[in-house]
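Chain and residue survey
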Amino acid sequence: MAAASTAFKKLIGNFGPVLRRCFPSVQVQASRNAHFKFVEDTPDPNLGITEKKNLVQSIADALDYTLAQDPSAIIFGEDVAFGGVFRCTVGLEEKYGKQRIFNTPICEQGIVAFGIGAAAVGTTAIAEIQFADYIFPAFDQLVNEGAKFRYRSGNEFDCGRLTVRAPCGAVGHGALYHSQSVEAFFSHSPGLKIVVPRGPIQAKGLLRSCIQDDNPCLFFEPKVLYRSAIEQVPVDDYLVPLSQADVVREGSDVTMIGYGTQLHVLKEVAEMAQEQLQVSCEVIDLQTVLPWDEDTVYKSVIKTGKCLVSHEAPITSGFGAELAASIQIRM
């Protein structure tokens, strides 16, 4: 009986949203067992008035503003015209038309190849890969075509107006095809920029910066944060600079480096270390994985003398290895 009850609770947790739509009169309570506690950031008061938004809504804001300000901007991918699996593009087709927001076949290689071509002729191309786990069919297009477009043509041509969005990371019930963190696969390729936000405030500003950047950008969105991360997000447009790390907590004894969801784990650990061990931890959000902010990291490690790097991706050949090796060489 206990096993059956546990299985039913798991079923409810996975399919609660579907049950609510099918049976609106039935109250379904879904619980989420997160491995971290999200603590919202305080927005810069200079950015003006704010509204409470989750990560999905802040991403939608950035896309909406881009479409409104840039008549060449298009959004394409699997199911984006319907709002996307995670609803980041809901309502945009109705607002801007089917010529600018449109679905594609289930062909990641084709999605990215189309984006490269569109960006090369001056279009602001924003592609969505439904899950980062399925980006690998497009690996050749991203690494051998998109990343090298400018270099190959001697800077005569480029596809720098391409941004590829993809949900990434573990969510608790995604299994093997909906849980991966893939940023390290692409970090070996010069010509790409890789960004992973930690919350709604950063997501809106970083996505806007990716879209405006002159290089193809991969924007990986931690899907466990889509609705669990809620902050007061500035209403007006703003940019968060790429390749600029954010010191989210100052400290003196040890430097802790992370990005995306894992940043919240590090913040909790830093709090525990201070309370239980009287150890002062400096926590740095890398924000841009490639090219990463070496100056901020080195300055912090020189100050503290110790460093801990943590990410959700596999340890072997993860981006943390690059950070650790670079810090060792510099120190």
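Okay, so let's go over this structure. (Residues numbered from 1 in each chain as written. Predicted model: local features only at pLDDT ≥ 70, side-chain atom pairs only at ≥ 80, totals over all residues. Heavy atoms only, no water.)

With that out of the way, let us pick up the pairing of strand E7 (residues 217–222). Burial of E7 is extensive: 6 of the 6 residues sit out of reach of the surface. Relative to E7, strand E5 (residues 162–168) runs parallel, the two being bridged by 6 bridges. In the strand pairing of E7, Cys 168 is matched with Pro 222. One ladder, built from 3 bridges, connects strand E6 (residues 193–195) with E7; its direction is parallel. What sits directly across from Lys 193, in E7, is Cys 217. Chirality of the crossover, the property in question, places the unit of E6, helix H8 (residues 200–212) and E7 among those that are right-handed. (Buried < 20%, exposed > 50% of the residue type's maximum accessible area, 1.4 Å probe, protein only. Helix = DSSP H or I, 4+ residues; strand = E, 2+ residues; numbered from the N terminus. Pairing = 2+ DSSP bridges. Right-handed = clockwise from strand over helix to strand, strands pointing away.)

Looking now at the pattern of salt bridges. Within the structure shown, the criterion is met by 17 salt bridges. For Arg 165, the salt bridge is made with Glu 221, and the minimal N-O distance between the two is 2.6 Å. You can see Arg 165 sitting in strand E5 and its partner Glu 221 sitting in strand E7, a full 56 residues away along the chain. The two residues Arg 165 and Glu 221 agree in class, both being buried. Salt bridges sharing partners connect three or more residues here, namely Asp 41, Arg 198, Asp 246, Lys 267 and Asp 285. (Salt bridge = Lys/Arg side-chain N within 4 Å of Asp/Glu carboxyl O.)

Turning our attention to the sheet that holds strand E10 (residues 254–258). Read from one edge to the other, the open sheet built from 4 strands follows the order E9-E11-E10-E13, with strand pairing classed as mixed. Lying at the two open borders of the sheet, with one neighbouring strand each, are strand E9 (246–249) and strand E13 (307–309). Ignoring which end each strand starts from, the neighbouring axes of this sheet average 25° apart. The pairing of E10 with E13 spans 3 bridges and is classified as parallel. Within E13, the position partnered with Thr 255 by the bridge is Cys 307. Most of the contacts of helix H9 (residues 262–277) go to strand E11 (residues 281–285), to which it runs at about 170°, and overall it touches E9, E10, E11 and E13. (Axes fitted to C-alpha atoms, helices over the stretch in contact; angles between N-to-C directions. Contact = heavy atoms within 4.5 Å.)

Moving on to the sheet that holds E7. If you trace the 7 strands from one edge of the open sheet to the other, you get E3-E2-E4-E5-E7-E6-E12, paired in mixed fashion. Each of the sheet's edge strands pairs with one partner strand only, and the pair in question is strand E3 (101–103) and strand E12 (288–290). Geometrically, the sheet is characterised by an average inter-axis angle of 20° between neighbouring strands, direction not taken into account.

Overall, the coordinates contain 11 aromatic pairs when judged by the stated rule. Following the ring pairs from residue to residue traces out a cluster consisting of Phe 86, Phe 131, Tyr 134, Tyr 177 and Tyr 226. We note Arg 152 situated over the ring of Phe 149; from NZ or CZ to the ring centre the distance is 5.2 Å. (Phe/Tyr/Trp six-rings, centres within 6.5 Å; stacked < 30°, edge-to-face > 60°. Lys NZ or Arg CZ within 6 Å of the ring centre and 35° of its normal.)

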